[in-house]
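Descriptive analysis of the structure
Spelled out, the chains give:
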Amino acid sequence: MLKNHAFRLLPGQDLKASLEQYVRDRQIKAGVILSGVGSLQRATLRLADESLKTFEQKFEIVSLTGTLSQNGCHLHISLADSQGQVVGGHLKDGCLIYTTAEIVIGELSDMIFNRHPDQDTGFEELEVEQK
């Protein structure tokens, strides 16, 4: 069964921290981003080569996707600049809302998402538990 959550983030809020807080406050054990649109005034991303890059400019959020749980979140974002050029990567702390972010999360009530260290990747990777 899928329970839906919809909310808006306000200017100046940190996108990742706000999503993590929302999940903790509502004790979401397994969730997915169904939709995420809005704008950022600053973005910090981990790129494919694992480097971190911070952008100090206005962006439109053209895609936000990922998994969420009290046990950790894995989120990717694509952003378009004023010229329509797109950059994307792993969402990190420090992505600040410019005008708004409209978020819809689907909560999967029959699952629990856990994260555990993976020796091969070096990251906390997803493990799915059925309730």
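Our structure is the block above this text.
I will try to describe carefully the structure that is included in this document. (Residues numbered from 1 in each chain as written. Predicted model: local features only at pLDDT ≥ 70, side-chain atom pairs only at ≥ 80, totals over all residues. Heavy atoms only, no water.)

**Notes on the overall build of the protein**
Summing up its helical and strand segments, the protein has 1 helix and 9 strands in all. Moving toward the C terminus, one meets the helices and strands of the protein in the order β-α-β-β-β-β-β-β-β-β. Here the C-alpha radius of gyration of the protein, 15 Å, is about what a compact globule of 131 residues would show, namely 14 Å. The dimensions of the protein, computed from C-alpha atoms along their principal axes, are 45 × 35 × 20 Å. (Helix = DSSP H or I, 4+ residues; strand = E, 2+ residues; numbered from the N terminus. Rg over C-alpha atoms; globule rule 2.2 N^0.38 Å.)

**A word on the environment of Gly12**
For Gly12, the position within the fold is in the loop between β1 (2-9) and α1 (15-25). Note on Gly12: relative accessible area 44%, which makes it partly exposed. C-alpha of Gly12 to C-alpha of Leu96: the two residues are 84 residues apart in sequence and 5.3 Å apart in space. Each residue touching Gly12, except ones within four places of it in the same chain, is listed here: Gln41, Leu96 and Ile97. (Buried < 20%, exposed > 50% of the residue type's maximum accessible area, 1.4 Å probe, protein only. Contact = heavy atoms within 4.5 Å.)

**Regarding the pattern of salt bridges**
The full count for this structure, using the stated rule, is 2 salt bridges. As a salt-bridge pair, Glu20 and Lys16 come within 3.0 Å of each other at their nearest N and O atoms. Pair noted here: Glu20 and Lys16 are both in helix α1, with a separation of 4 residues, about one helical turn. (Salt bridge = Lys/Arg side-chain N within 4 Å of Asp/Glu carboxyl O.)

**Thoughts on unusual backbone geometry**
Residue Gln27 is not a glycine yet carries a positive backbone phi of 50 degrees. Here Gln27 shows up in the loop between α1 and β2 (31-46). A relative accessible area of 52% means that Gln27 is categorised as exposed. With a phi angle near 75 degrees, Glu50 is a residue other than glycine that sits in the positive phi range. Mapping Glu50 onto the fold places it in the loop between β2 and β3 (52-55). Given the relative accessible area of 52%, Glu50 is considered exposed.

**A word on the packing of aromatic side chains**
In this structure the tally under the stated criterion is 2 aromatic pairs. Between Phe7 and Tyr22, the aromatic rings sit 4.0 Å apart at their centres with planes inclined by 15 degrees, giving stacked as the arrangement. With a gap of 15 residues between them, Phe7 in strand β1 and Tyr22 in helix α1 connect regions that are remote in the sequence. Summarising the burial analysis for this pair, Phe7 and Tyr22 share the class buried. Ring geometry for Phe55 against Phe59: centres 5.7 Å apart, planes inclined by 90 degrees, an arrangement best described as edge-to-face. Above the plane of the ring of Tyr22 lies Arg26, whose end atom (NZ or CZ) is 3.7 Å from the centre. (Phe/Tyr/Trp six-rings, centres within 6.5 Å; stacked < 30°, edge-to-face > 60°. Lys NZ or Arg CZ within 6 Å of the ring centre and 35° of its normal.)

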